[in-house]
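Structural description and commentary
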Amino acid sequence: MKISMLRKAFIFLRNTALGLGSVLAVLAAVELCARGLWGRPSLAPLPQGFQYNYTDTLTPFFKPAERLPGGYVLYKSARVGAAPETFVMPKLAGDYRIMIIGGSVAVPIGEFRQFWPIVEKLFGPRHRVELITCGMPGYDSGQSLDVLHRILRYKPNLIIDMDGNNEYGRTEMTPLQIRLYLADRAMSRLWIYRGFKKLIRAHLDAWDAGTPVPAGTTELNFERNLRSIVQLCRSHGVRIVLCTLPANLRDMPPMARAPRWSDRVFFMAMQAYQARDNSRAAALFNAYLGKHPTNPAAHYYLGRTLERLRHPREAVRQYDLAADWDKPGSRTPPDRNADIRRIARREGVPLADLARLLGSWAKLPGAPGDSLFFDNCHVWAAGNPILLQDILSAAFPKNQKLKVTAKEPSSWLPRPFPTVHMLLAAAGEITLPVANQGENLSEVSIELMRRAYRANPRLFMRTLMAPKTVLKKSLWPWDPGTVERMMRQWPFILSVAGEMFRREGRYKQALFCAKRSLKLAPGGEEALLVKALALNRLGQQARARAILRRLVRAHPDQRDILLWAKTIGA
């Protein structure tokens, strides 16, 4: 009796569901026909970076491109933004295949072929060695784990893991959640679907770029991902080397943009620092850190001040603290490198301590700077063979031929300096969607612009004034909206360039940039502030005070403007 009733209930529910589904399908078909006759609403654009960070992960990393004689297949990189790599499957007998995973720092090692002498030392000239980079700019450890799952089928002998940058606490999505998100987006044009949308809303809310990540979650996820990478390689019998990642600690300010300039003590400390009143600046930075011990900018500029006062050990300690508190950030801080060392020791896998190696080469020992780095975490091209040599030395410790000498290469810093690339890096840094960005100009961008201008002033100004052509040729192919986004930000970029000129004491150029910015976007507070400060130093104090009074009336809650007005006497 019970079985019969259960069977009847099941049949009733099944028929009801089928009937309801049929009705919905008919209504949806009718609506689609109506949409075809009268048009249908366009889809909203995908969130910034969604395709690169999520949708593309559903595709293979490599794809077959050509069938070769003997049953071999040529494979090529399949993802936009990946380095153009090729190899054959099945792997040729005697080949040794090395694959690199990680973020953008894992890409250059595969681009430059100066490493062949190093490989010959290890394997001999008769052996064929493949170095295939699977690094992707902006990828974090979770995305590297996904890449590893996809590339182990290509039979690598050695995996080089270069994770530690880009750990922003990105919300991860499973393949099912990604597909549900895309399906929801495609079907949201149907009113009949929107009525039932709440039924699957719980699955679709998994991805939300604005959701804050709980404290400590980022580091826990990083350790979990790194251990999973090690265990996955071990389960497939593949050798793996973990790498600590070096970072530019000395010559790159923190990337975090808290509203620092609105604090009077920090404001006065920065004025003393820029005036090279080092003793006063050190006292003020220490006073500020007494109330705000986790502020990365205060630690960084205190380090620069202590270095001027010839206290190198204390300066290095402040640089380390600045990097540790600078979160989110695209470079690996010292405390994360300590985690990588600990994981390698506990998992019993080789470690290439690149951070310690470059720290020993730095002009200020322990704090690498511009002589080794292009920006905040990417070494100059000449350093890639040496980094690879240190990695292979860790992978094959018994081979004494690969011992790396602790001597800084004199050829690392290139001539001429890549001015346009540096300016675009500065501009790209400004366009990152960070809250409260307008309250203080980006110190990272100002530093990048300063270095670019000093290398080639004429090229710098030409690029700054006519950016669109250069942008289209030089920007990243995996984000097609970058050019438009940067052009929308160009007035602010000009104001940052003006602030750089003001700090360099080039007040006419600062005034020129501010006027150009105001022509593109009248009333911009950053450009007006730069204009006022430049006019004040050019002897036009009355005009400067008038602009500052106008800024104070328009922005009475901006304490940095109030402090500048008080300093100049407006």
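In this text, all values refer to a predicted model and were calculated from it rather than measured experimentally.

Focus on empty space enclosed by the protein
In the structure shown here, the tally under the stated rule is three cavities of 30 Å³ or more. The space that makes up the second largest cavity amounts to roughly 120 Å³. Lining the second largest cavity are Val 105, Pro 108, Met 162, Asn 165, Leu 245, Pro 246, Leu 354, Cys 377, His 378, Val 379, Asn 384 and Leu 387. Grouping the amino acids of the lining of the second largest cavity by side-chain chemistry returns nine nonpolar, three polar and no charged.

Here we look at the environment of Met 173
Examined against the element boundaries, Met 173 turns out to sit in the loop between strand E6 (158-162) and helix H6 (175-187). On the accessibility criterion, Met 173 (12% relative accessible area) is buried. In this structure, the C-alpha to C-alpha distance between Met 173 and Asn 53, residues 120 residues apart in sequence, is 9.9 Å.

Section: the environment of Ser 144
For Ser 144, the location among the structural elements is in helix H5 (residues 141-151). Among the residues examined, Ser 144 registers a relative accessible area of 1% and is labelled buried. In this structure, the C-alpha to C-alpha distance between Ser 144 and Ile 100, residues 44 residues apart in sequence, is 9.7 Å. Here Ser 144 is in contact with Ile 101, Gly 102, Asp 163 and Ile 229, once residues within four sequence places are set aside.

Here's the deal with helix H13 (residues 312-325)
Between its first and last C-alpha, H13 extends 20 Å over 14 residues, near the 20 Å set by a 1.5 Å rise per residue. Of the positions making up H13, those classed as buried are Ala 315, Val 316, Gln 318, Tyr 319, Ala 322, Ala 323 and Asp 324. Close packing links the buried residues of H13 with helix H11 (278-291), helix H12 (296-308) and helix H14 (334-347).

Conventions adopted
Residues numbered from 1 in each chain as written. Predicted model: local features only at pLDDT ≥ 70, side-chain atom pairs only at ≥ 80, totals over all residues. Heavy atoms only, no water. 1 Å grid on protein atoms, 1.4 Å probe; cavity = no way out; pocket = protein on both sides within 12 Å on 5 of 7 lines; lining within 4 Å. Points joined across faces, edges and corners; volume = space filled by probe spheres on them. Nonpolar A, V, L, I, M, F, W, Y, C, P; charged D, E, K, R; others polar. Helix = DSSP H or I, 4+ residues; strand = E, 2+ residues; numbered from the N terminus. Buried < 20%, exposed > 50% of the residue type's maximum accessible area, 1.4 Å probe, protein only. Contact = heavy atoms within 4.5 Å. Expected span 1.5 Å × (residues − 1).

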